[in-house]
Amino acid sequence: MSDAFPAFLDRRLETLDPEALRRHQWARVEALARAAVPANAFIAAQWKRAGFAGPADLRSWDDFRRLPLTRKSELVADQAAHPPFGTDLSYPLERYVRVHQTSGTTGAPLRWLDTQESWDWWARCWGFVLRGAGLGPGDRVFFPFSFGLFVGFWAGFEGARALGALAIPGGGQDSAQRLAAIEALGATAVCCTPSYALHLAETARERGVALDRLGVRATVHAGEPGAGIPAVRARIEEAWGARAYDHAGMTEMGAYGFECAAQSGLHVNEAEFVAEVIDPATGGPADEGELVLTNLGRLGSPLLRYRTGDRVRVGRTPCECGRSFLRLEGGILGRVDDMLIVRGVNVFPSALEGIVRRFPAVDEFLIEVYRRGQLDEVRLLLEVNGHAQAPHMTIAAVQEAVRVDLGIRVEAVPVPGQSLPRYELKARRLVRRASE
């Protein structure tokens, strides 16, 4: 991290002791309840089902934990019943100035509206992300992103601008043009998915561009758990000659997680979110389970106790950066509903990616899941680059690494170079096929 900028966006908030942090959060929860519950039909209906008549009934954290968990399926159903935006709206439509949409990688896409106040809050949340990565005024942050309806890095762009950094849009360009722009404009940071960072590295290699000499000192990643996987992070950092930072956010929730210089997991921004970790089966508290979030500053379309579907593990030791925020070891471990059971062994796709990315000869991969009889089987499709001296040895080595590390046998199959898709946004590397 550069010493030119502080590691904190708001040192006081980020280092509050637990009791002071809870008081800060409770004041925000009360303000959210007063602003949203009377006028927001979606939230009011939730509260009514839980036996709450209004904000005055919310008196303690015990009351808060009685509020129902919110599921994405409820939001999808609400928008289907009340198109196009649903009823999670605290103000008249004329108050909203931004519309975005989820990527649709985990089901039907959701549309989401923001007021100007909520959009400013988004930018502030991204300020925590960028400061954690050591970025600030004087940096030039490049966003190789299409800037469509998907919220993606729209808010990151706003966050960089609000910090005083030079925010550079990279929409409407192919990968080669983006590499040229990074060099010509002197970008010092790049914000993109981990997959796209690796794709840009692949493009640079093919074109003879020395990526690690372009002057980029930090890359910030979102959209996938890849940057939290050690092998993926190492591969990005080696290719770019820069430190790679993980980040987590959701269109419907906000930018809630970021890494600091210690890079020992994701910090949840508890100044702006209330975080819980639950056993996805029982709903009870857990050290490893599903992350549940409440956003505290998005009053125009808030979510209380939202089941994110992300599997996480709580870190119990203090972070050396000095932050008191909740720390998630290993970042986002995977999607709760993505877990595979292969010959009786629980396997997350991120674990397979962590193994595959240890092999520099593999440019891209795809995980195929298919049924053979009554069992799920896994096949890895691997693009081995033309520089590998013995592709068949790489294939065999990947299979053996999976067997040793995860205790399962999978089939690994070579496929032609450039035959697997590349992604600018969220990668979709898990495909379910018909039975064989």
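The preceding data block contains the structure.
Residues numbered from 1 in each chain as written. Predicted model: local features only at pLDDT ≥ 70, side-chain atom pairs only at ≥ 80, totals over all residues. Heavy atoms only, no water.

Enumeration according to the criterion identifies 31 salt bridges in this entry. Glu-290 is paired through a salt bridge with Arg-307; the nearest N and O atoms lie 2.7 Å apart. In this pair, Glu-290 sits in strand 11 (residues 288-295) while Arg-307 sits in strand 12 (residues 306-315), placing the two residues 17 residues apart along the sequence. The exposure class assigned to Glu-290 is buried, which follows from its relative accessible area of 5%. A relative accessible area of 16% places Arg-307 in the buried class. Between Glu-400 and Arg-403 there is a salt bridge; the shortest N-O distance is 2.5 Å. (Salt bridge = Lys/Arg side-chain N within 4 Å of Asp/Glu carboxyl O. Helix = DSSP H or I, 4+ residues; strand = E, 2+ residues; numbered from the N terminus. Buried < 20%, exposed > 50% of the residue type's maximum accessible area, 1.4 Å probe, protein only.)

Further remarks concern the packing of helix 11 (residues 349-356) against helix 12 (residues 391-406). Between helix 11 and helix 12, the least distance of the axes is 10 Å, while the angle of their chain directions is 130 degrees. If you check the angle between helix 11 and helix 12, you find them oblique. Note on packing geometry: the crossing formed by helix 11 with helix 12 is right-handed. Residue-level contacts link Ala-351, Leu-352, Ile-355 and Val-356 of helix 11 to Val-398, Ala-401, Val-402, Asp-405 and Leu-406 of helix 12. Among the residues forming the contact of helix 11 with helix 12, the class breakdown is eight nonpolar, no polar and one charged. (Axes fitted to C-alpha atoms, helices over the stretch in contact; angles between N-to-C directions. Parallel < 35°, antiparallel > 145°, perpendicular 65-115°, else oblique. Left-handed = near helix turned anticlockwise from the far one by under 90°. Contact = heavy atoms within 4.5 Å. Nonpolar A, V, L, I, M, F, W, Y, C, P; charged D, E, K, R; others polar.)

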